[in-house]
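# Commentary on secondary and tertiary structure
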Amino acid sequence: MKYSKVSMIVSREIGKSIAEELVAFGIRHHFNEIGRSSILDRNKSFSSFFSKPALISYPVDILSFFLQEDEDRAVLGYFAKKYDLRSPGKGSIFSQDVEILNVHEDYKPKQELSFKHNGDESSLFSNLTGIVCVVQRGEGDKVARISLNYGTSVPATTYGEGSGVRDKLGLLRITLPAEKELINLVLSRHDADAVMELYISEAKLDEPGRGIAYSFPIKHGIINTKISRSQTDSAASVEQMVSAIDSLKGGMEWRKSSLERESFKRREFLYDLVGLNLICEEGHGTGLVEAAMSSGAPGATICKIRYTNLDGEMEIHRSMKELCKMIVPESQVPDICEALEKTGCFENEAKALLYSLPVQKAFTYRAKRY
Amino acid sequence: MKRKNAKGQEFKVSSAEAFRWILRYVKQKIAEQLKVVLGIILYLMLFQVLVLGTPIIDAGLIGLGIVMVVLGLTLFLEGLLLGIMPMGEEVGIQLPQKAKSRTILIVALLLGVAATFAEPALGVLKTAGSSVQAWRAPLLYLILNKHSALLITAIAIGVGISMVLSMIRFIKGWSLKPFLYVVVPTMMALSIASLFHPNLRNLLGLAWDSGSVTTGPVTVPLVLALGIGFSHIASQGSDDNDGGFGVATLASLVPMIIVISMGFMLSFQVPVPMSDIDFFSPENPKSEYVFRDKTEMTDYAIANASLPAQLVLFDNDMPRLLDYVREISQDESRMHEVFGSKSKFQQWVYCYGNDEFKDEFAYMITEEADSGKNGSVAGFNFWGYLWRNFLSAIQAIVPLSIFLLALLYFVLREKLRKADEIFFGLTIAVIGMTLFGGGIELGLAKMGDQVGSNIPVSFMEMEVPGGQRTIQGFDEDMVYQSLTPTGDKEEFFFLNEDGKTTTISYDKENYDLNQGIYRYTPKRGPLFGKGRITLLGIIVVMIFAFIMGYSATLAEPALSAMGITVEDLTVGAFKKSMLIQAVAIGVGVGIMLGVAQVIWHIHIFYLLAPIYTLLLFVTHFSTEEYVNIGWDSAAVTTGPITVPLVLSMGLGIGGQVGAIEGFGIVSLASCCTIVSVLSMGLYVNLKRKRLLNVMPESHSDFEAEDVAA
């Protein structure tokens, strides 16, 4: 079943009122992942003579929910207008095509949206790409700086726990840290290759055990371009001007030349991959990932997300869930689905939801085969 | 080592590879702890040697202690993160899913009570109250000694109640603020009422300290993790309740109320504070209630009270008193019971005794020379130390773990995920706690005692601790007279020691004519400024106290565990280092105030009341997130590293300036921590708000759709 997944990355304060509004609209299920966004502090201060501009972090909510395939534009337009997401610094919103592969009956989407359509669909960009980079805990800020330094857009960092070969090591596993940071970025398609390359070289993804980066298509969206805090001497900040020109041109292609073109190394990207996301009750993630791994999934990153749902009587329930993100070869998807089905995770115990999203390309270290 | 990988193929981790991984892991973890422990140790050593100018005694043992502390802390912290906290979280997640609310509340109550008995802070409280005199604070003395089991029970009930309250709070999704608005004013009201009660007044310090001292390095991380797991599932209320925090806060506040109430009930049985002569006189029959029986009372009077007070007990019959003391001196075990040790008895004769005593027990004093010198090293039993600490580590960790695991397996019927990791974690937590408990006793506490007993020298003249000297073959003809500017005469003599001649003031009392021996204790100080008690010296001590509190806090394992948890829950928006810095500064300021309180004899409530009032205001303006974290961090500040250091300093200073007890510093450190974390929170929030509002609110009229059209 094809659906649209809408995600919003907004500051905690706005996130709260959006969450309330989602419920009011009759969106029965939504997820909220906590993250932090970082921007550069370009204020003139004494220390800035000596070092790179400092990063200022603020907590963000990453809200997501599923809609019918064609409903996304209207919803995106509505929220973009309501929360003024087109002004730099307010947040970002985007939608992706997903396919829900299997689901516990609690989730069976039977929601009817009840909101008046008065959105601003024309301000949505449609030539966007998402990039996720998974690195060891503590390396995140280094990666987050990249897109800020190159002025593409504001990243959102979340935490996760790696699960994979490490879990097969017995007690020896505790010597390898499992904690990961995920840097989520949505940016213009034209900048994607450059940023991807910088991710690879900066995070040294071509060395073993460093992490993985992958990109995926975005249907529609608005990105957050407020990349630094600086005193404005002019009527509009640079970010405002850039965003205005983006709107004028109807895209970000004009900015392409501003990105430094480095001579890219020839990287061996991985293709024909699919992102498999499994949402389940807290505590079941590791076991289910193990099942998926036995039929070909290389590993997973498990994140904690908050889940809010409306039951039949429209009462609100909240709980914590685990989101297992896996990048798997397309050919393995049926096998993994079957293996997960066999564990009974779509029954009442784990209440799982499995969906897939297309992945354009991915990069990670691969041992040379002899 | 052969393992199957995902595709069923086998892959190998060679033992060399495995060894390299382990080595890297161990090295990294030890380096982290080494940094913080060395910070505090080097600071204490340098201060003692360079500023106070006193040599370090037992340096070898202290070195051994430090190694043990570093290894122990490393293991313990890892044990917390791998074993104790995941276990707590797992139970927290399963409990609300599988159990009825009644079961949950019973479990919470039991857990709170069990946690208190597992980590009894009685030792700490007793040390803090070791200088309490029965006649000056009868109720306090009673509770610390005869009724100490009752005290622990009261605290345990307080912790149990606060666990229950917290669980209800999580289930209902209530904010922590209203609880604080009720509990803190209640504590204040009780304190104000107690100020007018002669006996309860002295109990206040103990009562305020009792809660924060009890929440130990195992309990706090455990209940924190439990709360986090619990609130994931249970919370039906507001979404911004960041879950899990607040249990430790209530657990450190509520016991105060229970302890004061218990004190009030007991207060009818004991006499009001009075002089020791009145206290021991037969007109005050209530005094006997303070002790177990008449014999204990007499023994206590002999060892601690003045001679007239002792005589009151024997109907002013000196020979009877002498007989009684002689009986004690002839029985080795009785002597230990009354005085603690033989050398203490000799000291007692020397300090308290009048001429009759000195004549009577002169033979004991002559043995002094051979027993005093090498006492500490000879009687030292390393394995004894370790064994005792092992037992208390087992007591702190094992029963609680068994309780939680039994709950998980038999009541909730769930199996433990990652069981191997958790059991490994629990094992190294026990080993770690053993090592660092022993190491603290051997190294850190010794260091603290030495600095603590020497530190008053910086602002006042005091006798060098343990520096008693005797001069053989003293000749009174060598005593000269000198004049002060006001014309008073003072006597002194010259002493040639190590080729240097010094003048020493002469006191006839110290001259033992029969044996031709003169006893004296050299005096030093004040090192800074001139006068009886110098302000400059006090400032030096306060700065010392601040830095000591600050650097000791950096090494606290429970704080480290909490910092990691907070960073995790806020996805790095609230950095571990930021929390630890804020807490450390708060503790430093609190201990500084505590020193001022001891030196100037300020009643603890006059310092706590304004700070807590301020706190209520700051709490009102802070966001829920920071209120939870800030109030909880107060509970972790007072851990195994800070408390012994603070106490030995407080007692060292208190002993010289004649303070009644060493209570209160710990609670000051706690509440200053909350102030500091909350202010940091306000500052950070302000900064963020400004950051997010840099953009003008009204969007420009330049609308994209117009252009597109």
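Every value quoted in this text rests on a predicted model; they were computed, and no experiment measured them.

## Overview of the overall build of chain A
Helix and strand counts for chain A come out as seven helices and 15 strands. The proportion of buried residues among the 370 residues of chain A is 61%. Summing over all exposed atoms, chain A offers an accessible surface of approximately 15500 Å²; the carbon and sulfur share of this is 49%.

## What to know about the sheet that holds strand 6 (residues 489–497) of chain B
Residue and element names in this part refer to chain B. An order of 5-6-7 is seen for the three strands of this open sheet, with the pairing classed as antiparallel. Two strands close off the open sheet at either side, each with one partner strand: strand 5 (480–483) and strand 7 (500–505). Between one strand axis and the next, the sheet turns by 40 degrees as a mean value, whatever way the strands run.

## Let's talk about the pattern of salt bridges
Opposite charge on two side chains makes pairing possible when the charged atoms of those side chains draw close. All names here are of chain A. The final tally for this structure, using the stated rule, is 24 salt bridges over all chains. Here D61 ties to R12 by a salt bridge, and the two come within 3.1 Å at their closest N and O atoms. With D61 in strand 3 (residues 54–68) and R12 in helix 1 (residues 12–25), the pair connects residues that are 49 residues apart, well separated along the chain. Through salt bridges with shared partners, a single network forms among E139, K142, E207 and R210.

## Considerations on the confidence of the model for chain A
Confidence along chain A averages 82 in pLDDT terms, with 87% of residues attaining 70 or more. Ranking the elements of chain A by mean pLDDT puts strand 10 (residues 228–229) of chain A last, at 72, and strand 5 (residues 128–136) of chain A first, at 92.

## With respect to a nonpolar patch on the surface
All names here are of chain B. A contiguous nonpolar patch, built from L34, L38, L42, L46, V49, L50 and V51 and spanning about 570 Å² of accessible area, is present on the exposed surface. With respect to the helices, strands and loops of the structure, L46 is situated in helix 1 (residues 15–51). On the basis of relative accessibility, which here comes to 47%, the residue L46 falls in the partly exposed class.

## Re helix 23 (residues 419–454) of chain B
All names here are of chain B. Along its 36 residues, helix 23 runs 49 Å from first to last C-alpha, staying within 8% of the 52 Å computed at 1.5 Å per residue. The largest bend in helix 23 comes to about 45 degrees, at I440. Of all 36 residues that make up helix 23, 27 are buried, and the element is covered over most of its length.

## Digging into the environment of T673 of chain B
Residues and elements named next belong to chain B. Mapping T673 onto the fold places it in helix 30 (residues 665–692). With 84 residues separating them in the primary sequence, T673 and V589 have C-alpha atoms 8.3 Å apart. Once residues lying within four places of it in the same chain are set aside, the contact partners of T673 are V583, G586, V587, S633, A634 and T637. At 2.6 Å, the side chain of T673 and the backbone oxygen of A669 are in polar contact.

## Focus on the environment of A609 of chain B
Residues and elements named next belong to chain B. By the element assignment, A609 lies in helix 27 (residues 604–621). Residue A609 is classed as buried on the basis of its relative accessible area of 15%. A609 sits 424 residues away from P185 along the chain, and the two C-alpha atoms are 9.7 Å apart.

## Focus on the sheet that holds strand 8 (residues 511–512) of chain B
All names here are of chain B. Reading across from one edge, 4-9-8 is the order of the three strands in this open sheet, with antiparallel pairing throughout. Edge positions in the sheet fall to strand 4 (469–471) and strand 8, since each of these pairs with one other strand and no more. Here strand 4 runs beside strand 9 (residues 517–520); their pairing, made up of three bridges, is antiparallel. If you follow T470 over to strand 9, its bridge partner there is R519.

## With respect to unusual backbone geometry
With phi around 55 degrees, D84 of chain A is a residue other than glycine that occupies positive phi space. Residue placement: D84 of chain A occurs in the loop between helix 2 (72–82) and strand 4 (91–103). On the basis of relative accessibility, which here comes to 17%, the residue D84 of chain A falls in the buried class. The phi torsion at H601 of chain B lies on the positive side, around 55 degrees, for a residue other than glycine. With respect to the secondary-structure elements, H601 of chain B resides in the loop between helix 26 (576–599) and helix 27. Overall, the relative accessible area of 48% leaves H601 of chain B in the partly exposed class.

## Some words on the packing of aromatic side chains
Throughout the structure, instances matching the rule amount to 32 aromatic pairs over all chains. When the centroid spacing of 6.5 Å and the interplanar angle of 75 degrees are considered together, the rings of F279 of chain B and F291 of chain B count as edge-to-face. Linking F279 of chain B in helix 11 (residues 276–280) with F291 of chain B in the loop between helix 12 (287–290) and helix 13 (294–304), this pair joins segments that are 12 residues apart in sequence. When its relative accessible area of 0% is taken as the criterion, F279 of chain B is described as buried. Of the residues examined, F291 of chain B reaches a relative accessible area of 1% and is grouped as buried. Judged by centre distance (5.8 Å) and plane angle (55 degrees), the ring pair of Y480 of chain B and F494 of chain B falls under tilted. Residue Y480 of chain B is found in strand 5, and its partner F494 of chain B is found in strand 6; the two are separated by 14 residues along the sequence. One aromatic cluster is present, built from ring pairs that chain together W135, Y141, F279, F280, F291 and Y300 of chain B. Its guanidinium or amino end placed over the ring of Y159 of chain A, R137 of chain A lies 3.5 Å from that ring's centre, counting from NZ or CZ. The residue whose ring lies beneath K146 of chain B is Y289 of chain B, and the NZ or CZ to ring-centre distance is 4.0 Å.

## Quick notes on empty space enclosed by the protein
Enumeration according to the criterion identifies 13 cavities of 30 Å³ or more in this entry. In this structure, the largest cavity occupies an estimated 380 Å³ of space. Residue lining of the largest cavity: 26 residues in total, with K5, S7, Q96, N184 and K325 of chain A positioned closest to the centre. With four residues, the top contributor of residues to the lining of the largest cavity is strand 13 (residues 316–329) of chain A. In terms of residue class, the lining of the largest cavity is built from 17 nonpolar, six polar and three charged. In this structure, the second largest cavity is lined by 13 residues; those nearest its centre are S212, S252, L253, Y612 and S670 of chain B. Of the residues assigned to the lining of the second largest cavity, the class counts are eight nonpolar, five polar and no charged.

## Side note on helix 15 (residues 318–330) of chain B
Residues and elements named next belong to chain B. Taking 1.5 Å per residue as the helical rise, helix 15 with its 13 residues ought to reach 18 Å, and the 18 Å between its terminal C-alpha atoms agrees with that figure. Burial in helix 15 covers these residues: M318, L321, L322, Y324, V325, I328 and S329. The buried residues of helix 15 occupy an angular sector of 160 degrees when projected down its axis, which confines them to one face. With respect to the buried face of helix 15, the exposed residues turned more than 90 degrees away are P319, E327 and Q330.

## Here we look at a negative patch on the surface
Residues and elements named next belong to chain A. On the surface, E105, D335, E338, E341 and E347 cluster together to form a negatively charged patch. By the secondary structure assignment, E338 is in helix 7 (residues 333–342). Under the relative-accessibility criterion, E338 is labelled partly exposed at 48%.

## Notes on the nonpolar core
Counting residues in hydrophobic clusters, the biggest one holds 201 residues, and the most contacted among them are F280, I397, Y612 and W631 of chain B. Here this core spans two domains, and each of domain 1 (12–270 + 382–420 + 435–456 + 534–692) and domain 2 (276–378) of chain B adds at least three residues to it. Aside from chain neighbours lying at most four places away, what touches I397 of chain B is F76, I84, V218, L426, A429, V430 and M433 of chain B. Counting 30 residues, the second largest nonpolar core, distinct from the first, contains A156, C303, I327 and V359 of chain A.

## Structural notes on the state of the cysteines
Inspection of the entire model under this criterion finds zero disulfides over all chains. Here C337 of chain A stays unpaired: no disulfide links it, and the sulfur of C345 of chain A, its closest cysteine neighbor, is 9.7 Å away. Unpaired in terms of disulfides, C671 of chain B finds its nearest cysteine sulfur in C672 of chain B, a separation of 4.7 Å.

About the thresholds
Residues numbered from 1 in each chain as written. Chains lettered and ligands numbered in written order. Predicted model: local features only at pLDDT ≥ 70, side-chain atom pairs only at ≥ 80, totals over all residues. Heavy atoms only, no water. Helix = DSSP H or I, 4+ residues; strand = E, 2+ residues; numbered from the N terminus. Buried < 20%, exposed > 50% of the residue type's maximum accessible area, 1.4 Å probe, protein only. Areas by Shrake-Rupley, 256 points an atom, 1.4 Å probe, with all protein chains shown as cover. Pairing = 2+ DSSP bridges. Axes fitted to C-alpha atoms, helices over the stretch in contact; angles between N-to-C directions. Salt bridge = Lys/Arg side-chain N within 4 Å of Asp/Glu carboxyl O. pLDDT = per-residue confidence, 0-100. Patch = residues over 30% accessible without salt bridge, like charges linked within 9 Å, V, L, I, M, F, W, Y side chains within 5 Å. Expected span 1.5 Å × (residues − 1). Bend = angle between axes of the 7 residues up to and from the residue. Contact = heavy atoms within 4.5 Å. Polar contact = N/O pair within 3.5 Å; in protein donor to acceptor, adjacent residues only side chain to side chain. Phe/Tyr/Trp six-rings, centres within 6.5 Å; stacked < 30°, edge-to-face > 60°. Lys NZ or Arg CZ within 6 Å of the ring centre and 35° of its normal. 1 Å grid on protein atoms, 1.4 Å probe; cavity = no way out; pocket = protein on both sides within 12 Å on 5 of 7 lines; lining within 4 Å. Points joined across faces, edges and corners; volume = space filled by probe spheres on them. Nonpolar A, V, L, I, M, F, W, Y, C, P; charged D, E, K, R; others polar. Arc of directions from axis to C-beta. Lys, Arg positive; Asp, Glu negative; His and termini not counted. Charge placed at Lys NZ, Arg CZ, Asp CG, Glu CD. Core = buried A, V, L, I, M, F, W, Y, C linked by side-chain atoms within 4.5 Å. Domains from an automatic or database assignment. Disulfide = S-S within 2.5 Å.

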